[in-house]
Number of protein chains: 2
Amino acid sequence: MPKNRDAARASLENLYRIFTVPEAPDSTLGAIDQAISGDVAGFLQTHIVAIERPLEEIEADFSSFSIPEEPTYVSEYTEFVKENLVAHSVHTASPAFVGHMTSALPYFMLPLARLMTALNQNVVKVETSKAFTPMERQVLAMLHHLVYGRDDGFYPQWIHNSQHALGAFCSGGTIANVTALWVARNRLFAPDGGFRGIAQEGLARALKYRGVDGIAVLVSERGHYSLGKAADLLGIGRDDLIKVKTDANNRIDLKALREECRRLQDRNTLPLALVGIAGTTETGNVDPLEELADLAQELGCHFHVDAAWGGPTLFSDRHRHLLSGIERADSVTIDGHKQLYVPMGAGMVVFKDPTALSAIEHHANYILRHGSKDLGSHTLEGSRPGKAMLVHAGFSIIGRKGYELLIDMGIERARTFADMIQRHPDFELISEPELNILTYRYCPPAIQQALTEATAQQRAAINGLLDQVCQLLQKYQREAGKTFVSRTRLHVARHDMELTVLRVVLANPLTTDEILEAVLAEQCEIVRLPEIQALLRQAGELCPGLAKAV
Amino acid sequence: MPKNRDAARASLENLYRIFTVPEAPDSTLGAIDQAISGDVAGFLQTHIVAIERPLEEIEADFSSFSIPEEPTYVSEYTEFVKENLVAHSVHTASPAFVGHMTSALPYFMLPLARLMTALNQNVVKVETSKAFTPMERQVLAMLHHLVYGRDDGFYPQWIHNSQHALGAFCSGGTIANVTALWVARNRLFAPDGGFRGIAQEGLARALKYRGVDGIAVLVSERGHYSLGKAADLLGIGRDDLIKVKTDANNRIDLKALREECRRLQDRNTLPLALVGIAGTTETGNVDPLEELADLAQELGCHFHVDAAWGGPTLFSDRHRHLLSGIERADSVTIDGHKQLYVPMGAGMVVFKDPTALSAIEHHANYILRHGSKDLGSHTLEGSRPGKAMLVHAGFSIIGRKGYELLIDMGIERARTFADMIQRHPDFELISEPELNILTYRYCPPAIQQALTEATAQQRAAINGLLDQVCQLLQKYQREAGKTFVSRTRLHVARHDMELTVLRVVLANPLTTDEILEAVLAEQCEIVRLPEIQALLRQAGELCPGLAKAV
């Protein structure tokens, strides 16, 4: 927090000034603004300090808990932000940061985002958003069309319908998933005779009315953690978010799923929804959506597809078959800030049935009146920015074919990287990329060999040490600040164990093969650290018939 | 949607270009960007067309439901956006638009928002946000300090605590209110002996464990509609969102509240939470928070204050007493995009007990690990932008004293406008401004007089006609596009009826007395329309002893 607050005093005059007079181009903020306009990549490269500073040190700059009494100058504050916030933020746009789901942005997103901020529309209602309402409805219709491909007669009837909405635009995939399950729950317990519906009467009375003891959501153990939040929030309880085991390819095990469904019957619990994943967060795999659709139909339950990550694969003629069956889903989540290359904070959910969202419809006296086209009557959130504009821009400027190129390139790059890992003696590919995500770990050849001969107990001990190697490797690489991969823990069928693995997401179009080689080369450097060498030696000593493994 | 998509073809080369080459300053988008940098008020004034275009016409520009196959040029798209979206958006920043809760923005918000977008941090976890995590935690601590004013020893222990969070930053007040009630629900049904808590076991088992038939949330009939969504979402049911009647000043009727609580007991329903409102959306009134705190203590239930609108009144030495008792609330919602003058999409909820949010804590394998400082383990949303930066900027640059000026000016301006209305013979002030919101209606003196003498039946008929006048007046004023007030329906104690009224929110510091006079003058013009005159004549004919009322 800047300290010098003398002449920036709180006066009416100064107050009017900050609401009316723009920053001079030669001021600190003006200069930053110009630098971002001119060359955002250069700006980020210059201003984000590469070397990690301990979080505790950064916290010291943000430790005052009093709102400053006096105003301060914009220039002074901007200096503070530059030195203390920007310098120590994460270079998410870097093509060498391949561990997260945030890519570089197309350059037009920045000036358009500023335009959106300047307009400051509130899309909760037409009165504060006007053209932004039909624009958002169009974006939802386009996404609906991408997923469901209904015929030309369908959309004119629904796109600007004053009673219904084809989907909901949200702040992110979590709210999208919650909305989908909320709709599913309210439709399962819709008003019926004397029962006025769960929205009115609540969950306990709904269960009693249907004569069941509970409701359950079924998803593979790779399901996103937002589903757990949804189960908690909606009153279902996390116990009844059934996490079904996966096959060797990280896809839901259909036999196990059927068994779980039978078990639900035994305890008088209704399946509320099956959730298929199109692009698991950790490994990028796609569940067998056709088979899930069949089972959901058989059970008469809601079928939701969490395609937050993988949805845009539908743009690709070559790869869209991987998502075959998604068009049978009752609802589908797709994130804008992932593979639609929109800035953070944009999720969407679309519903096959254009009347589905009426299950969560709500009204108020001053807005969202019956028959209005206000978007807010069908969203979990209330006041919202016009962020759909940036999805609209992406769809329009990049086009289906542009997105197809991005998707195809990412999947190809992931295969290239998988090849590099497999050819490299010191790494073990853990999950092959089905889309553009893969996992691997550091495991020198001698240990790889020894693991095949070890007893279960030895394997557990060796893998435990490799887990530690993985964790340190990832930490030191992140701290060095040049490249970044993430890590997670996965049950790996081949090893029949839960392992710590490195995770790579390849969605940044600026990531090259050279960069990927550099990522592996840096890892080979890092493992030479004495701390990691000691762990590897220890692992070697545990290996059967292997005196000096490394 | 622009049509010309020839040479902007989807090629690798063009793709790299949109991720790397910025827009030239002399391009269409570059020019817009510069215009916004130089003079945002002028840009909005020039580019937003004042006269309302019918929504159906606007919809025609957003009616294609196919994502365009080919890419298009940024310049072409920008032209489309300028003509079809910007031109027909709402001038929310206009000082003459006093009907909604969106004001002009301090100029520094725009370049800082662009910086935030360029950095594209994801505050769900430290790994993709680094310094943005302590920065957001500081913002929450500052807000906590504003509300609860705990002593200097308190904050260093909690502000950057790796187990807990003092609050949650959200996309808006709705998610903030939902989060508060979610926490309240999960704390009421916390793990206890054999019962593993509602988060695990769900609502039905929780009720059974406690031996109750339901849980209820109590709020006045002025409560925000987001509470209804929360009751639905959380499985409580809207029936058990008890809307308590208000007194003549739109504040919760404490006697009626106590009766409702007794009735809950009769039907074996636990009070989950009392919700006090600090600044009702429709009339800006503040519930008696001290008394609500007393009652919540007596009942042993959660006390939430929805201060989405009125929270920043705490900045004012002169007016903060109106919110006295808020420091006893278990949780408080305050919106950033309302009276903190931050762009759309920023809400916050803080909790008195710094461990409260652990009731909704969640973890995953790849992020939000136990003991991490990841903000995402205590929020309803997942991936989120670093929007707290703009609240941080507001707190730092405007300071407590600057916000105090803004609050004091708004309340003063509302009193001035109330005086104007009361002095004007043709208007009736419906609700006096307690903060900076008031309601009124058009009601010429003869009808005002006649209403005091009319029978109940006559009054109902006359007021029904005045409701229509009000509705048309608001509609035509909005469509003319020069000034804007909103409307709502309120039960008005003085008339013992529900009436349609005009609603004015005075938070834009650029609104002057002259503008407010112009708002009334325009309304006096609009009522001369034959359609409205006919309604007034009809009302006059219904008036007892009044041949020609108008």
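The rules behind the values
- Residues numbered from 1 in each chain as written.
- Chains lettered and ligands numbered in written order.
- Predicted model: local features only at pLDDT ≥ 70, side-chain atom pairs only at ≥ 80, totals over all residues.
- Heavy atoms only, no water.
- UniProt positions renumbered as here; feature names shortened; annotations may be inferred.
- Salt bridge = Lys/Arg side-chain N within 4 Å of Asp/Glu carboxyl O.
- Helix = DSSP H or I, 4+ residues; strand = E, 2+ residues; numbered from the N terminus.
- Pairing = 2+ DSSP bridges.
- Axes fitted to C-alpha atoms, helices over the stretch in contact; angles between N-to-C directions.
- Contact = heavy atoms within 4.5 Å.
- Buried < 20%, exposed > 50% of the residue type's maximum accessible area, 1.4 Å probe, protein only.
- Right-handed = clockwise from strand over helix to strand, strands pointing away.
- Buried area = accessible area lost by both parts, 1.4 Å probe.
- Polar contact = N/O pair within 3.5 Å; in protein donor to acceptor, adjacent residues only side chain to side chain.
- Nonpolar A, V, L, I, M, F, W, Y, C, P; charged D, E, K, R; others polar.

As annotated in an unreviewed UniProt entry, chain A carries the name 2,4-diaminobutyrate decarboxylase and comes from Geobacter hydrogenophilus. Reading the Sequence similarities (unreviewed entry) entry of the UniProt record for chain A gives the comment "Belongs to the group II decarboxylase family." Of the comments in the UniProt record for chain A, the one headed Cofactor (unreviewed entry) reads "pyridoxal 5'-phosphate".

A.B. asks: Sorry if this is basic, but what is going on with the pattern of salt bridges here?
C.D. replies: Here the idea is simple: oppositely charged side chains can pair when their charged atoms come close. Considering all chains together, one arrives at 72 salt bridges over all chains under this definition. Ionic pairing is found between A:E52 and A:R478, a salt bridge with its closest N-O pair at 3.1 Å. One end of the pair, A:E52, is in the loop between α3 (40–47) and α4 (55–60); the other, A:R478, is in helix α17 (residues 456–480), and 426 residues separate them in sequence. In this structure, A:K82 and A:E79 form a salt bridge, with 3.9 Å as the shortest nitrogen-oxygen distance. Here A:K82 pairs with A:E79, and both are found in helix α5 (residues 74–86), just 3 residues apart, close to one helical turn. Several salt bridges share partner residues, and in doing so they unite A:D33, A:R114, B:D33 and B:R114 into one network.

A.B. asks: Please clarify how the sheet that holds strand β8 (residues 427–431) of chain A should be interpreted in this entry.
C.D. replies: Adjacent strands of a sheet pair through backbone hydrogen bonds, lying either parallel or antiparallel. All names here are of chain A. Strands sit in the order β8-β9-β11-β10 across an open sheet of 4 strands; the sheet is antiparallel. Lying at the two open borders of the sheet, with one neighbouring strand each, are β8 and β10 (486–492). Taken over all neighbouring pairs, the strand axes of this sheet differ in orientation by 45° on average, direction set aside. Where strand β9 (residues 437–442) lies against strand β11 (residues 497–505), 4 bridges are found, and the strand directions are antiparallel. By the bridge assignment for β11, L438 is matched with V504. The strands that α17 touches are β9, β10 and β11; relative to β11, the one it contacts most, it runs at about 25°.

A.B. asks: How should I be thinking about the environment of A:C170 in this particular structure?
C.D. replies: All names here are of chain A. Relative to the helices and strands, C170 is located in strand β1 (residues 167–170). A relative accessible area of 4% places C170 in the buried class. Once the C-alpha coordinates of C170 and E59 are considered, the two residues, 111 residues apart in sequence, prove to be 31 Å apart. Not counting the four nearest positions on each side in its chain, C170 is found in contact with I175, A176, T179, G345, A346, G347, V349 and E381.

A.B. asks: In this structure, what is going on with the environment of B:Y341? I would like to understand it.
C.D. replies: Residues and elements named next belong to chain B. Mapping Y341 onto the fold places it in the loop between β6 (331–335) and β7 (347–351). Since its relative accessible area comes to 2%, Y341 is described here as buried. With 239 residues separating them in the primary sequence, Y341 and T102 have C-alpha atoms 8.1 Å apart.

A.B. asks: I would appreciate a short explanation of the pairing of strand β4 (residues 269–277) of chain A in the present structure.
C.D. replies: Consecutive side chains of a regular strand alternate in pointing toward one face of the sheet and then the other. Residues and elements named next belong to chain A. Among the 9 residues that make up β4, 8 are buried, leaving the element largely enclosed by the rest of the structure. Of the pairings in the sheet, the one linking strand β2 (residues 214–220) to β4 comprises 5 bridges and is parallel in character. Its bridge partner lying in β4, G214 is registered against T269. Across 5 bridges, the pairing between β4 and strand β5 (residues 302–306) is parallel. By the bridge assignment for β5, V275 is matched with H304. For the handedness criterion, the β-α-β arrangement of β4, helix α14 (residues 289–299) and β5 is classed as right-handed.

A.B. asks: Which parts of the structure should I look at to understand the sheet that holds strand β8 (residues 427–431) of chain B?
C.D. replies: Residues and elements named next belong to chain B. The strand order across the open sheet built from 4 strands is β8-β9-β11-β10, with neighbouring strands paired in antiparallel fashion. Each edge of the open sheet carries a strand with a single partner, namely β8 and β10 (486–492). The average undirected angle you get between the axes of adjacent strands in this sheet is 45°. Each of β9 (437–442), β10 and β11 (497–505) touches helix α17 (residues 456–480); the most contacted strand, β11, lies at about 25° to it.

A.B. asks: Please explain the interface of chain A and chain B as it appears in this structure.
C.D. replies: How big an interface is tends to be stated in terms of accessible area lost as the parts join. On the side of chain B, 172 residues touch chain A, which itself brings 172 residues to the contact. Summed over both sides, the interface of chain A with chain B buries roughly 15400 Å², with 64% coming from carbon and sulfur. Three residues, A:F19, A:F65 and A:Y107, lead the burial of chain A against chain B; their summed loss comes to 6% of the area buried on that side. Linking chain A with chain B are 20 salt bridges. Residue B:D232 pairs with A:R185 through a salt bridge whose shortest N-O separation is 3.0 Å. The tally of links between chain A and chain B comes to 70 residue pairs in polar contact (both at pLDDT 80 or more). The dominant element in the side of chain A that touches chain B, judged by the number of residues it contributes, is helix α15 (residues 388–423) of chain A, at 14 residues. When its residues are assigned to classes, the side of chain A that touches chain B shows 87 nonpolar, 49 polar and 36 charged.

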